[in-house]
Amino acid sequence: RTILIRLRNLGLTRAVASEDVSEVLDEVDRPDTCFGDVFGADVAKEELRFLVDWLGNPASFRSQGIATPRGILLAGPPGTGKTMLARALAGECGVAFLSASATDFVTQWQGSGPQNIRALFARARRYAPSIVFIDEIDAIGKKRVGSMGAGAASEQTLNALLTEMDGFRGKRDKPVIVLAATNLADLLDEALLRRFSRTVEVDKPDRKARRAFLDHRLRSHHQALSEEVRSEEHT
C-alpha cells in the first residue's frame, strides 16, 4: 500500500530543550525587528554591522585571525532606543535572543545573583549562536571596592558575569555574544569594560529621524486621526 503525505508550510523551528520545559521561554526567540525599524542611531547601526557580517561567515573572519567578539556595550542617554537596537541586531543576525535586566540578578537571597547569571549563560549556550542582552548593566557592574553585605552580593554577581564572559566553556563555532546597555558607562568596573570588544555610543535621534518616526506613526494610525490633524498633515 502507498500512503500519500502532503506537507504544508514546512519550515524549521527552534526546539525547546528539556531543561527549559518548566521555564518561561518568551525571552528565547528570534526577533523579527531589523535595523530598518530603528529610527536614527545611524552611526551605531553602522558599527554593529560588523557583528552581522561576522555571524554570517565566522570561518572567514577566523581565517584572518580575527577573534570572536565577546561583547558590545551600548552607551548613551536614556530613551535612545538601546533595547530596540539590540533586538534589531539579533533580528539581522538571525540568532537566538535572550534578554534580562541587571536588577533581576540583585535579590535578597545570598548567592542567587551568581546562580542566575550562570543559568542565563547556560541557557544561551544551549541555543547558541545567541545574543545575551543585559539592560542597565550598571546595577551590577559598578566599580568594585570590597563592599560588605548587599554590596558584596552585587560584586559576587559581577564576578560571575566576568567569568562567563571569558568564554571558557563556549564553542568557537557557536559563540555567545553579550550585549549590554547603560546610561552610566563611566561608573562601570574596568575589568568589565575590558570584556567588551567595543563600546558603541547611541546618541539621541536628530531632527530628520524624529520626523521619520512621526510620519511612520501618523501613517500607522491614519484612520484614528481627526480631520484637523489630517489637514495639517497634508499642508
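Definitions and cut-offs
- Residues numbered from 1 in each chain as written.
- Predicted model: local features only at pLDDT ≥ 70, side-chain atom pairs only at ≥ 80, totals over all residues.
- Heavy atoms only, no water.
- Axes fitted to C-alpha atoms, helices over the stretch in contact; angles between N-to-C directions.
- Helix = DSSP H or I, 4+ residues; strand = E, 2+ residues; numbered from the N terminus.
- Left-handed = near helix turned anticlockwise from the far one by under 90°.
- Contact = heavy atoms within 4.5 Å.
- Nonpolar A, V, L, I, M, F, W, Y, C, P; charged D, E, K, R; others polar.
- Buried < 20%, exposed > 50% of the residue type's maximum accessible area, 1.4 Å probe, protein only.
- Phe/Tyr/Trp six-rings, centres within 6.5 Å; stacked < 30°, edge-to-face > 60°.
- Pairing = 2+ DSSP bridges.
- pLDDT = per-residue confidence, 0-100.
- Expected span 1.5 Å × (residues − 1).

Draft legend 1. Region of the structure containing the packing of helix α1 (residues 42-56) against helix α3 (residues 82-93). Put simply, α1 and α3 touch, their axes get as near as 9 Å, and they point 35° apart. Between α1 and α3 lies a crossing of right-handed hand. Here A44, K45, L48, R49, L51, V52 and L55 of α1 lie close against α3, whose contacting residues are L85, L89, E92 and C93. A breakdown of the residues in the contact of α1 with α3 according to their chemical character gives eight nonpolar, no polar and three charged.

Draft legend 2. A look at unusual backbone geometry. The residue after A128, namely P129, is reached through a cis peptide bond having omega 0°. Tracing the sequence through the fold places P129 in the loop between α4 (112-126) and β3 (130-135). In this structure, E136 takes a positive phi of about 50° despite not being glycine. Summarising the element assignment, E136 is placed in the loop between β3 and α5 (150-165). Judged by its relative accessible area of 29%, E136 falls in the partly exposed class.

Draft legend 3. The packing of aromatic side chains, seen in detail. Scanning the entire structure with this criterion turns up one aromatic pair. Seen from their ring centres, F97 and F133 are 6.2 Å apart, and the 20° between their planes marks the pair as stacked. Placement of F97 in strand β2 (residues 96-101) and of F133 in strand β3 is noted, with a sequence separation of 36 residues between them. F133 matches F97 in its accessibility class, with the two residues each being buried.

Draft legend 4. A look at the environment of P205. Assignment of secondary structure puts P205 in the loop between β5 (198-201) and α7 (207-220). Residue P205 is classed as partly exposed on the basis of its relative accessible area, which comes to 28%. Separated by 126 residues in the primary sequence, P205 and G79 place their C-alpha atoms 9.8 Å from one another.

Draft legend 5. Representation of the pairing of strand β1 (residues 71-75) within the structure. For β1, the tally of buried residues reaches five of five residues, placing the bulk of the element in the interior. In terms of strand pairing, β1 meets strand β4 (residues 176-182) through five bridges, oriented parallel. Bridging across to β4, L73 finds its partner in A180.

Draft legend 6. Representation of the confidence of the model for the chain within the structure. Looking at the chain, pLDDT values average 78 and 78% of them are 70 or higher. By mean pLDDT, helix α8 (residues 227-234) is the weakest element of the chain at 52, and helix α6 (residues 190-195) is the strongest at 91.

Draft legend 7. Summary view of α1. Its 15 residues give α1 an end-to-end C-alpha distance of 21 Å, which sits within 8% of 21 Å, the value for a rise of 1.5 Å per residue. Three or more residues of α1 are buried, namely A44, K45, L48, L51, V52, W54 and L55.

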